[in-house]
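# Summary of the model geometry
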Amino acid sequence: MGFFSAIKKMFGGAEQADATAPQDEAAAKAAAESGAQAGAESIAEAAAPDTALAAQPLVVSPADEALTLRLRGAEPKLSVWLGIVLEGVDEAGDLLWQRLFFLLRALDAPEAEAQNFVREFQAWLTRMDYRQVEEFRSELQYRLALALDMEDEEDERNRLFLKISQGLSRTREQFAKGLDALFAGHGELNDAFWEELEELFIMADLGYEPSIELVERLKERARKEKVTESAKVRELLMAEVEEIFRAPRRIAAVNPPEVVLMIGVNGVGKTTTIAKLAHRDRMQGKKVMIAAADTFRAAAIEQLQVWAGRVGALFHARTAGSDPAAVAYEAMDRALQEGVDVLYVDTAGRLQTKVNLMEELTKIRQVLGKKHAGAPHRTILVIDATTGQNALSQTKLFKEAAGIDELIITKLDGTAKGGVAIAVAMQHHLPITYVGLGEVMEDLRPFSGEDYARALLGVSAEA
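Residues numbered from 1 in each chain as written. Predicted model: local features only at pLDDT ≥ 70, side-chain atom pairs only at ≥ 80, totals over all residues. Heavy atoms only, no water.

### A short note on the overall build of the protein
How we decide: Secondary structure follows DSSP: runs of H or I at least 4 residues long count as helices, runs of E at least 2 residues long count as strands, and numbering of each begins at the N terminus. Only protein chains enter the accessibility calculation, which uses a 1.4 Å probe; a residue is then buried when its area is under 20% of its type maximum, exposed when over 50%, and partly exposed in between. Should any heavy atoms of two residues lie within 4.5 Å, those residues are considered in contact. The Shrake-Rupley method, run with a 1.4 Å probe, gives the accessible areas here. Residue values count only the displayed protein chains as cover.
Summing up its helical and strand segments, the protein has 20 helices and 8 strands in all. Sorting the 463 residues of the protein into buried and exposed places 54% on the buried side. A separation of at least 24 residues holds for 75% of the contacts in the protein among residues at least 6 apart in sequence. Looking at the protein as shown, the accessible area adds up to about 20500 Å², and 50% of this sits on carbon and sulfur atoms.

### Side note on the packing of helix H7 (residues 111-128) against helix H8 (residues 133-147)
We count it as follows: Lines fitted to the C-alpha atoms define the axes, with helices restricted to the stretch that makes contact. Angles between their N-to-C directions range from 0 to 180 degrees. Between 65 and 115 degrees an angle is taken as roughly perpendicular, under 35 as roughly parallel, over 145 as roughly antiparallel, and anywhere else as oblique. Crossing handedness follows the turn of the near helix against the far one: under a right angle anticlockwise gives a left-handed crossing, and clockwise gives a right-handed one. Classes in brief: Ala, Val, Leu, Ile, Met, Phe, Trp, Tyr, Cys and Pro nonpolar; Asp, Glu, Lys and Arg charged; the others, Gly included, polar.
One way to put it is that H7 packs onto H8 with a least axis distance of 12 Å and a crossing angle of 150 degrees. Regarding the angle of H7 to H8, the classification is roughly antiparallel. Between H7 and H8 the crossing geometry is right-handed. Note on element contacts: H8 touches H7 through Phe136, Glu139, Leu140, Arg143, Leu144 and Ala147, opposite Phe117, Glu120, Phe121, Trp124 and Leu125. Among the residues forming the contact of H7 with H8, the class breakdown is 8 nonpolar, no polar and 3 charged.

### With respect to the packing of aromatic side chains
Stated precisely, the cut-off is as follows: Each pair of aromatic rings taken from Phe, Tyr and Trp, with Trp reduced to its six-membered ring, is defined by centres within 6.5 Å and is described as stacked if the planes are under 30 degrees apart, edge-to-face if over 60, and tilted in the remaining cases.
Across all of its chains, the model carries 9 aromatic pairs by this definition. Aromatic pair tryptophan 124 and tyrosine 130: ring centres 5.5 Å apart, planes at 70 degrees, arrangement edge-to-face. For the ring pair phenylalanine 183 and phenylalanine 193, a centre distance of 6.2 Å and an interplane angle of 20 degrees mean the geometry is stacked. Taken together, the positions of phenylalanine 183 in helix H10 (residues 169-185) and phenylalanine 193 in helix H11 (residues 191-203) put the pair 10 residues apart, joining distant regions of the chain.

### What about the nonpolar core?
Test applied: Side-chain atoms within 4.5 Å are what join buried Ala, Val, Leu, Ile, Met, Phe, Trp, Tyr and Cys residues into a set we call a nonpolar core.
Judged by nonpolar contacts, the single largest core of 101 residues is most densely connected at Leu197, Tyr344, Val345 and Tyr452. Among the elements that line this core, the one with the most residues is helix H19 (residues 420-428), at 7 residues. Setting aside residues up to four positions removed in sequence, valine 345 forms contacts with Val259, Val260, Leu261, Met262, Ala291, Ala293, Ala328, Ile364 and Leu368. By size, the runner-up hydrophobic cluster in this structure holds 33 residues, among which are Leu125, Leu144, Ala145 and Leu148.

### What about the pattern of salt bridges?
Cut-off, in case you're wondering: The salt bridge definition used is simple: a Lys or Arg side-chain nitrogen within 4 Å of an Asp or Glu carboxyl oxygen.
Scanning all chains against the criterion turns up 25 salt bridges. With a shortest N-O distance of 3.3 Å, lysine 411 and aspartate 384 are connected by a salt bridge. Residue lysine 411 is located in the loop between strand S6 (406-410) and H19, and its partner aspartate 384 is located in strand S5 (residues 378-384); the two are separated by 27 residues in the primary sequence. Across the pair glutamate 450 and arginine 454 runs a salt bridge whose closest N-O atoms are separated by 3.4 Å. Here glutamate 450 and its partner arginine 454 are both found in helix H20 (residues 449-457), 4 residues apart, which amounts to about one turn of the helix. Residues joined by salt bridges that share partners form a network here, namely Glu213, Arg217, Arg221, Glu225 and Glu240.

### Structural notes on the environment of tyrosine 329
With respect to the secondary-structure elements, tyrosine 329 resides in helix H16 (residues 324-337). Linking tyrosine 329 and glutamine 366, residues 37 residues apart in sequence, is a C-alpha distance of 9.6 Å. With residues up to four places along the chain from it excluded, the contact list for tyrosine 329 reads Val367 and Lys371.

### So, the environment of tyrosine 130
Mapping tyrosine 130 onto the fold places it in the loop between H7 and H8. Apart from the residues within four sequence positions on either side, tyrosine 130 is in contact with Trp124, Leu125, Glu135 and Phe136.

As structure tokens, this is what we get:
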């Protein structure tokens, strides 16, 4: 269900509710508080993890009507709606489950899906041992946004820009200050200006060749747009970076299950990235399986199993030292039999210089394709932003040996080398689909070239 259909549901039929509603917001709020407990027991019972769920219509009580009025009168944003729903709720309990269930149903979520959402969130809180709302509110909003397909609303976009801006703070501190000094020191565009700009790009870890190419592209853009003042180069640069990150359209349809092959060297955060991707899919109602085809380290298998349990994904593995291709084949067979929507296949954190490991990766691809036509549908390379120019080398060799469909860049929040994203996109013409901006599940964010360019250059989201 999309965001606009959710708004339509929330605001549809308002006239009928208005006829029986309290006359002012204070009365509505009081009615909601007084009647909340009445509906809490039935909803909590229906959503309880160990209780059979009986199909039943959405209850319309005075408290529900009052809550609906307040939601309809609020700004149509998920964050605002959630704030209203959580008023007077300090910890997990019956009132929280009742309010969440009501919000989901008011936004047109099918009853079974609403109950399942509440049930899974209850189970997650138990696993994480969270009780207070302040401990899990951010995660709750993130899950609701995914479940309701509301990530494109303006509030979510602002949060995403803020997150990327925070993640690029170290890179921007070096890069933006350098740009400001460069613009202040030059009035007209000349050879000295372009040479200093090239040096600035190299310092931001774009690399020598990408820096030269970017300067040449900016020169050509300045010539076409008849720009002669250095101060206007910032706008040209932002437009050029957005262009670099503009990914070509591709066919997204696959023959299910979708098979995603995850590759990357040790230490880039591949295991947690798989967990975060699986978490996003689970919140969208997909059945997910994770296969541990990195059999070289027992610790890698154990870590992935723990993450699979946390996100509610199926898990397939063999003992350490087993044939990785055999693990992938068995997982593919099981995924087909059990109706899995998405299968993530982890691979060894191989060094890109190890030829035998690259051959093993090719073997995994072959057995997946033999068992399921078209598999793997996506091959994702995970690279660590803090490694700078080494990430370029990894991308080049993995692309040649195994083929890559997209990139995920991790640890962007802990580096002054954020410019490597531009270099990778320029040199290898690969789409960057997600960036890692922290440790928690919601810190894997969809990548936006526009937001990246604005954050890097210190331009606000409203500009």
